[in-house]
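Reading the structure
So the chains spell out like this:
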Amino acid sequence: MYMRAVIVDAPEQVRVDNVAEPMPGPSEVLIRVGASGICGTDLHIIGGDSPLARYPLIPGHEFAGEVVAVGSGLQSEGKAGVPITVGSRVAVEPNLYCGQCEFCRTGHENLCLNYAAIGVTINGAFAQYVTVPAAKAYVLPETLSFREGALIEPVSCAVHGMHSLNPRFGDTFLIVGAGTMGLLLLQLAVRGGASRIAVVDVNTQRLARAEQLGATRVYTDIQHALKDEPLGFNCVIDATGVAPVIEQAFMTVKRGGKFMIFGVASHEARVSLSPFRIYNDEITIVGSMAVLFSFQAALDVMSAGVIDTQAMLTTALPLDDFPKALDMVRRGEGVKTQIVLNA
Ligand SMILES: [Zn+2]
Ligand SMILES: [Zn+2]
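Being a predicted model, the structure only gives us computed values, none of them experimental. In this numbering scheme, every chain counts its residues from 1 along its sequence in written order. The naming scheme follows written order: chains are lettered A onward, ligands numbered 1 onward. Confidence filtering applies because this is a predicted model: local features only for residues at pLDDT of at least 70, side-chain atom pairs given and counted only at 80 or more, and all residues used for totals across whole chains, interfaces and linings. Each side-chain value is worked out from all heavy atoms of the structure, with water and hydrogens disregarded.

**As for the coordination of the zinc ion (ligand 1)**
Here is the rule: Note that water is not among the atoms used; donors are N, O and S atoms within 2.8 Å of the metal (3.2 Å for Na, K and Ca), so sites may look incomplete. Runs of H or I in DSSP of at least four residues are treated as helices and runs of E of at least two as strands, each being numbered from the N terminus. To sort residues, take the accessible area from a 1.4 Å probe on protein chains only and compare it with the maximum for the residue type: under 20% means buried, over 50% means exposed, and anything in between is partly exposed.
Donor atoms from the polypeptide that bind the zinc ion (ligand 1) are Cys39 (SG), His61 (NE2) and Glu62 (OE), placed at 2.1 to 2.3 Å. Mapped onto the sequence, the donors of the zinc ion (ligand 1) take the spacing C-x21-H-E. Of this pair, Cys39 sits in the loop between β3 (28-37) and α1 (40-47) while Glu62 is found in strand β4 (residues 62-70), placing the two residues 23 residues apart along the sequence. Classification of Cys39 by relative accessible area gives buried; the value is 13%.

This is the structure:
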């Protein structure tokens, strides 16, 4: 049986074509994909600057759909508390860990030395069907659509970010970058007890959306934000990954505050920060990479309506329009662009 899929043969060589439908292994399930989001990681994979990507590859790691077949090892009676069966509507945590390296064995699976991921190192969900380990599938409540389910993965990255940052109730925030991740972090900060949240972006449409989603003040440049808050902010989050922006954002961290590097910079990027200031002002610098036991929390956050999905899910296109969707993402149009399938 054949299915439609996006195939990246090599960097910048993308086609939508017919490929063989995958078969689930013993502990896997076959999912008929309902929605699959495009994110910055996909641009890196297609652009050839993802160190992990293997080609040819079907990308797509933010997805939800319906289980249509289960592997031979899963066909007998299910285990207690494991409700996945044919017909289950699920969202999928795409990160795969070896379970054997030192980091996996000490509670840092996201830092696994043999890190792999659905849609990055193995075939993902810009396709009609995808196979995933059953252990990675989470049952969606009836109230969440597949499009909302496909947003859980980026939300789980933001939840892990908030776990890592560990802000205090009443903290002031500066979030630099109002793309999908900046806007998700904003909504979590609002619910997490932030007192004031400033958001900076060069795109004024995104700033308007940030205001709608709870930003107290919005700015097109960091200096201006600092003028209104001269002592700085308790928590500063960079969601751009742009080195000069990170240097400027560092200047806005309040004495005793925290600075989280959340945006993905290139491997070669370097920033110049004052070690005296880190010492003298007791500044904590926090990194946050992907997800760590935050997928269930993100699912619960989505179910509870914490994320305004109307505001976040701006575009839905069919699979054959993938090149068009990709262009929209590259131009920074809208917030989250998704491919909808089998609709
Ligand atoms: Zn992503
Ligand atoms: Zn490992």
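Next comes the rest of the account.
**A closer look at the coordination of the zinc ion (ligand 2)**
A four-donor tetrahedral metal ideally has 109.5 degree angles, and a six-donor octahedral metal ideally has angles of 90 or 180 degrees. Using the following cut-off: Every geometry call rests on angle ranges, with four donors termed tetrahedral when all angles are between 85 and 135 degrees, four termed square planar and six termed octahedral when opposite donors are over 155 degrees apart and all others are between 65 and 115, and everything else termed irregular.
The protein atoms that coordinate the zinc ion (ligand 2) are Cys98 (SG), Cys101 (SG), Cys104 (SG) and Cys112 (SG), at distances spanning 2.3 to 2.4 Å. Considering all four donor atoms around the zinc ion (ligand 2), angles at the metal cover 100 to 118° and the coordination shape is tetrahedral. Read N to C, the donor residues that coordinate the zinc ion (ligand 2) are spaced as C-x2-C-x2-C-x7-C. Across the pair, exposure class does not vary: Cys101 and Cys104 are buried alike.

**What about the packing of helix α3 (residues 152-165) against helix α4 (residues 180-191)?**
Convention followed: With axes taken as lines fitted to C-alpha atoms, and helix axes fitted only over the stretch in contact, angles between N-to-C directions fall between 0 and 180 degrees. Just so you know how the angles are binned, under 35 degrees is roughly parallel, over 145 roughly antiparallel, 65 to 115 roughly perpendicular, and the rest oblique. By convention, the crossing between two helices is left-handed when the near helix turns anticlockwise from the far helix through less than a right angle, and right-handed when the turn is clockwise. Here, two residues are considered to be in contact whenever any of their heavy atoms come within 4.5 Å of each other. Note on residue categories: nonpolar means Ala, Val, Leu, Ile, Met, Phe, Trp, Tyr, Cys or Pro, charged means Asp, Glu, Lys or Arg, and polar means any other residue, Gly included.
Look at α3 against α4: their axes get within 9 Å of each other, and the N-to-C directions meet at 55°. Compared by their axis directions, α3 and α4 come out oblique. Our pair here, α3 against α4, has a crossing hand that is right-handed. Residues Pro154, Val155, Cys157, Ala158, Val159 and Met162 of α3 touch α4, and the partners they reach there are Met181, Leu184, Leu185, Leu188 and Ala189. Of the residues in the contact of α3 with α4, the class split is eleven nonpolar, no polar and no charged.

**Here we look at the packing of aromatic side chains**
Note the following rule: The aromatic pairing rule takes the rings of Phe, Tyr and Trp, using the six-membered ring of Trp, and pairs them if the centres are within 6.5 Å, calling planes under 30 degrees apart stacked, those over 60 edge-to-face and the rest tilted. Two conditions define a charge located above a ring, namely a distance within 6 Å from the ring centre to NZ of Lys or CZ of Arg, and an angle within 35 degrees of the ring normal.
One pass over the structure, following the stated rule, counts five aromatic pairs. Taking 4.7 Å as the distance between ring centres and 40° as the angle between the ring planes, the aromatic pair formed by Tyr138 and Phe295 counts as tilted. Within this pair, whereas Tyr138 is found in strand β9 (residues 137-139), its partner Phe295 is found in helix α9 (residues 295-303), the two being separated by 157 residues in sequence. Seen in terms of ring centroids, Phe250 and Phe259 are 6.1 Å apart; in terms of plane orientation they differ by 45°. Their pairing is tilted. Taken individually, Phe250 and Phe259 each receive the classification buried, so the pair is uniform in this respect. The cationic tip of Arg89 hangs over the ring face of Phe146; the distance from NZ or CZ to the ring centre is 4.9 Å.

**Some thoughts on α4**
Filter applied, for reference: In a helix, the anticipated span is given by 1.5 Å times the number of residues less one.
Compared with an ideal rise of 1.5 Å per residue, which puts twelve residues at 16 Å, α4 spans 17 Å between its outermost C-alpha atoms and is within 8% of the ideal. Most of α4 is tucked away, with nine of its twelve residues classed as buried. Positive backbone phi, approximately 95°, marks Gly193, located one or two places after α4.

**Some thoughts on the pattern of salt bridges**
For clarity, the threshold we go by: Salt bridge, as used here: a side-chain nitrogen of Lys or Arg that lies within 4 Å of a carboxyl oxygen of Asp or Glu.
Summed over all chains, the structure comprises twelve salt bridges. Of the charged contacts, one joins Glu12 and Arg330 as a salt bridge, the two residues approaching to 3.6 Å between their closest N and O atoms. Taken as a pair, Glu12 in the loop between β1 (2-10) and β2 (13-20) and Arg330 in helix α11 (residues 322-330) lie far apart in primary sequence, 318 residues in all. Given a relative accessible area of 42%, Arg330 falls into the partly exposed group. Between Lys136 and Glu93 there is a salt bridge, with the nearest N and O atoms lying 3.6 Å from each other. Linking Lys136 in the loop between β8 (129-133) and β9 with Glu93 in the loop between β5 (89-92) and β6 (95-96), this pair joins segments that are 43 residues apart in sequence. Lys136 sits in the buried class, given a relative accessible area of 13%.

**Quick word on the state of the cysteines**
Under the convention used in this document: Cysteine sulfur atoms that come within 2.5 Å of each other are treated as a disulfide pair.
For the structure shown, the criterion picks out zero disulfides. Here Cys235 is not disulfide-linked; the sulfur of Cys157 is the nearest cysteine sulfur, at 19 Å.

**A closer look at the nonpolar core**
Put simply, the rule reads: Remark: nonpolar core denotes a set of buried residues (Ala, Val, Leu, Ile, Met, Phe, Trp, Tyr, Cys) joined through side-chain atoms within 4.5 Å. For the domains described, the bounds stem from an automatic or database domain assignment.
Core analysis: the biggest nonpolar cluster contains 45 residues, and Ile152, Val155, Phe173, Leu186, Val199 and Ile307 have the highest contact counts within it. Among the secondary structure elements, those contributing two or more residues to this core are α3, β10 (173-176), α4, β11 (197-200), α5 (204-212), β13 (233-238), α9 and α10 (309-312). Of the residues forming this core, the biggest block, seven residues, is contributed by α3. Inspection of this core shows a minimum of three residues originating in each of domain 1 (2-151 + 307-340) and domain 2 (158-287). When neighbours within four sequence positions are excluded, Ile307 is seen to be in contact with Leu151, Val155, Leu184, Gln187, Leu188, Val301, Met302 and Met312. Counting residues in hydrophobic clusters, the runner-up holds 32 residues, among them Val6, Val70, Phe126 and Ala137.

**Observations concerning the domain arrangement of the protein chain**
Quick note on the threshold: Put simply, buried area is how much 1.4 Å-probe accessible surface two parts lose in total, over both of them, once they are put together. Two N or O atoms form a polar contact when they lie within 3.5 Å of each other; inside protein one atom must be a possible hydrogen donor and the other a possible acceptor, and for residues adjacent in sequence the pair counts only when both atoms belong to side chains.
The domain architecture assigned to the protein chain consists of domain 1 (2-151 + 307-340) and domain 2 (158-287). For the pair domain 1 and domain 2, the two sides together bury roughly 970 Å², of which 60% comes from carbon and sulfur. Among the residues of domain 1 in contact with domain 2, Ile307, Met312 and Val335 are the three that bury the most area, contributing 41% of the side total. Counting the contacts that link domain 1 with domain 2 gives three residue pairs in polar contact (both at pLDDT 80 or more). Of the residues that constitute the side of domain 1 that touches domain 2, the class distribution is five nonpolar, four polar and two charged.

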